[in-house]
Amino acid sequence: MKGSDVEKEVCAYAERVGFMSIKFKDLSRAGGPDRLFISNTGNVAFVEFKSASEPVSDRQDDYIMDLKRHYVTVNVVRDVDAGINLISLMATEDVLRGWD
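Residues numbered from 1 in each chain as written. Predicted model: local features only at pLDDT ≥ 70, side-chain atom pairs only at ≥ 80, totals over all residues. Heavy atoms only, no water.

A.B. asks: It is not clear to me how the pattern of salt bridges should be interpreted in this structure. Could you clarify?
C.D. replies: In a structure, side chains of opposite charge can pair up when their charged atoms sit close to one another. Counting across every chain of the model gives 6 salt bridges. For Lys50, the salt bridge is made with Glu48, and the minimal N-O distance between the two is 3.7 Å. Residue Lys50 is classed as buried on the basis of its relative accessible area of 5%. On the basis of relative accessibility, which here comes to 3%, the residue Glu48 falls in the buried class. The salt bridge involving Glu54 is made with Lys50; its shortest N-O contact spans 3.7 Å. (Salt bridge = Lys/Arg side-chain N within 4 Å of Asp/Glu carboxyl O. Buried < 20%, exposed > 50% of the residue type's maximum accessible area, 1.4 Å probe, protein only.)

This is the structure:
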């Protein structure tokens, strides 16, 4: 399955369960993730969609590492089940946990 097909199905699921799904494009830097998902509880995650065999480019890997260094949730999703699991986890996590 192509990464774009995985993206389409995961986005459809996310929107059905109340998430915002935003196509992400960083105009100042190449390699940004494909999507930004925002749950109705305020959880945020960037997602790069790839097929099972498609590699992450060096620019994408650098971008992902920069986001992670800033404690931003970012995932590479290679199949629909993994994407749905990520969305489900984001929907159940308490965004304020640990922020007392």
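A.B. asks: Before we go on, may I ask you to explain the nonpolar core in this structure?
C.D. replies: Taken as a class, soluble globular proteins show a tendency for nonpolar side chains to be buried jointly. Counting 15 residues, the largest nonpolar core has Phe37, Phe49 and Ile87 as the members making the most contacts within it. Of all the elements in the fold, those that place two or more residues in this core are α1 (3-16), β3 (44-49) and α3 (80-92). Looking at this core, the element that brings in the most residues is α1, giving 5 residues. When near neighbours in sequence (up to four residues on either side) are disregarded, Ile87 contacts Val10, Tyr13, Ala14, Val17, Phe19 and Phe37. Counting 6 residues, the second-largest nonpolar core is a separate cluster that includes Leu36, Phe46, Tyr63 and Ile64. (Core = buried A, V, L, I, M, F, W, Y, C linked by side-chain atoms within 4.5 Å. Helix = DSSP H or I, 4+ residues; strand = E, 2+ residues; numbered from the N terminus. Contact = heavy atoms within 4.5 Å.)

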